[in-house]
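Tertiary structure, described
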Amino acid sequence: MTPRGNRRSKNLAKRSITGTIWMLGARFLARFSDIILLMVLARFLAPDDFGLIALATSVTAIISTVVALPIDVPLINVKAVRLVFFHTAFSLAVLRAAIIIISACIAAPIAARAFEDDRLIPIILALSASISARSFMSPRMTLLARRIQLKPSFMIDLSGKIAGMLCAVIFVSFFPNHWALVVSPAVWSITSVVASYIVAPYRPKLDFSEWRHFSSYLAWMFPAQILAAIASQADKLILGALIPMGQLGQYNVASQISNIAEVTVRRSISSSLMPSFNSLLAQADRLRRGYFLADSAIFMIGLPIYMLLSAFSNVIVILALSPAWANTAPFLQGLALAMIPTLFRIPFRSLAFAMKRADLVFWLGVVNFAVRILAILIGYRFGGALGVVYGIGLGNIFIAGVSTLFVQWLIKADPKEQVMAIMRPLAGLTTMAPVAYYGANVAAKSESLLATALLAGSFSILAILTYGTTILLTWRLAARPAGIEMRFIELIARARKSEGAAR
């Protein structure tokens, strides 16, 4: 490769890492605000309220995912974006919004009758309106994603979440009922849409002339989205018909908290992975190395989050929730561990789309759908609601294995190589886990909430330091290969240099 090509590749790598850091920060802060809001609302609302919203959210999530038209992916992959592509993207988004509203009007009465609760009708309609509003975001935001300039998306997402959180807290202070859980997503959607046109100005126009370019992605993505939507909500829908509403609310809160790592990492890293993979398609070896780096970075970030959530599940319930939520801890402890295998699937989806193999995404969705439904039913049969958690964990391990086989077909990387790529994060986890679980046990036995909080915070920091130290040591033993560790060292060195210059 020429020096110019090397410089271009290094610049791309730096932009990818910088963009990923921005999006990770945004998604983490956004998810953290969700968790804070969840904990605040749990002080005002009962588990039954969360159970009711869980059912409504499952219905609307299935509707919105099923009709999620492929807009971002085609705009990112097209070689030269013309204005007419944005018009078509916006037109498809308007169509999607209309379908969501119509589908919600049909599904709401059916869900109310199935779960014998008429309160679901207005809630489903309100949530669907909130989701459909986000369809009107400026399609020019994809230009920023193509350039891996993700800071604006960071600001939009974070400002929307903060606005939604504040409005929900104000609402629940005056009206402590389940509608407080609807306010936050509604405000977030409206704020994000308005902000997107400020950051990426666009004059809307209905034009379907470039429909064919988008339809080529729809052939495989549409059925894959149907299966993914049902599979992702199957646990709540099945449990909603089998367990009391209060217990479903406890399960749903644990599920939302445990999803923080997967959602944060998937949405942030995926934004930069696809453009990066696209740029490496003609260089098989560099594409393999890029995939391994992405896999390692994803596990490096996700593993400690899941470990802390699992280890400190009892402490989280003690500090953040009321006594009515005591039975949430076992769900949170199990779900946090059950979500770890899902980290394997995050880079696969971006790789498949970059290589124009959306069919593999579909087939993985088929396997995931069948395995997840079976795991939930068998888990409940032998272990009740908690058995569902273990069933989901075993199912996720199986799906992770299938995804590694698909990656092997795409870039000739056998499963052993893929596992070796995450050995440093796994090594860090083995030293971190004892510290985290011991600290959680000590903190939970404290007599005061202040002591519990201080001990939990101290042991969490110690566990993270243990994790980071182990990773850095294994990285040095591995002769300092390229990766997120190198970027971390560079940032520290730059900070010290700036500090020295200031003095």
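First, a word on scope: everything that follows refers to the structure included in this document. (Residues numbered from 1 in each chain as written. Predicted model: local features only at pLDDT ≥ 70, side-chain atom pairs only at ≥ 80, totals over all residues. Heavy atoms only, no water.)

1. Quick notes on the overall build of the protein
When helices and strands are counted, the protein shows 20 helices and zero strands. A burial count over the protein gives 53% of its 503 residues as buried. Taking contacts inside the protein between residues at least 6 apart in sequence as the whole, the part at least 24 apart equals 83%. When the accessible area of the protein is evaluated, it comes to approximately 22800 Å², of which 68% is carbon and sulfur surface. (Helix = DSSP H or I, 4+ residues; strand = E, 2+ residues; numbered from the N terminus. Buried < 20%, exposed > 50% of the residue type's maximum accessible area, 1.4 Å probe, protein only. Contact = heavy atoms within 4.5 Å. Areas by Shrake-Rupley, 256 points an atom, 1.4 Å probe, with all protein chains shown as cover.)

2. Concerning the pattern of salt bridges
Per the stated rule, a full pass over the model turns up five salt bridges. For Glu417, the salt bridge is made with Arg288, and the minimal N-O distance between the two is 2.9 Å. Here Glu417, found in helix H17 (residues 415-420), pairs with Arg288, found in helix H12 (residues 284-311); they are 129 residues apart in sequence, far enough to count as distant. Judged by its relative accessible area of 27%, Glu417 falls in the partly exposed class. (Salt bridge = Lys/Arg side-chain N within 4 Å of Asp/Glu carboxyl O.)

3. Observations regarding helix H19 (residues 449-477)
The α-helix advances 3.6 residues per turn, and as a result positions three or four apart in sequence lie on the same side. Counted at 1.5 Å a residue, the expected span for H19 with its 29 residues is 42 Å, and the 42 Å between its end C-alpha atoms agrees. All buried positions along H19 are accounted for by Thr452, Ala456, Phe459, Ser460, Ala463, Tyr467, Thr470, Ile471 and Trp475. Looking one or two residues past H19, Ala479 carries a phi angle of roughly 70 degrees, positive in sign. (Expected span 1.5 Å × (residues − 1).)

4. Some remarks on the side chain of Ser128
Among the structural elements, Ser128 can be located in helix H5 (residues 120-133). Assessed through its relative accessible area of 1%, Ser128 is described here as buried. Not counting residues up to four positions away in its chain, the partners in contact with Ser128 are Thr60, Ile100, Ile101 and Ala104.

5. Notes on the nonpolar core
Nonpolar side chains tend toward joint burial in soluble globular proteins. Membership of the largest hydrophobic core comes to 108 residues, with the highest contact counts inside it found for Phe50, Phe312 and Phe348. By residue number, the principal contributor to this core is helix H16 (residues 358-411), which donates 17 residues. Residues contacting Phe312, with those up to four places away along its chain left out, are Ala436, Gly439, Ala440, Ala456, Phe459 and Ser460. Counting residues in each nonpolar core, the second largest holds five residues, with Met141, Leu144, Ala195 and Ala200 among its members. (Core = buried A, V, L, I, M, F, W, Y, C linked by side-chain atoms within 4.5 Å.)

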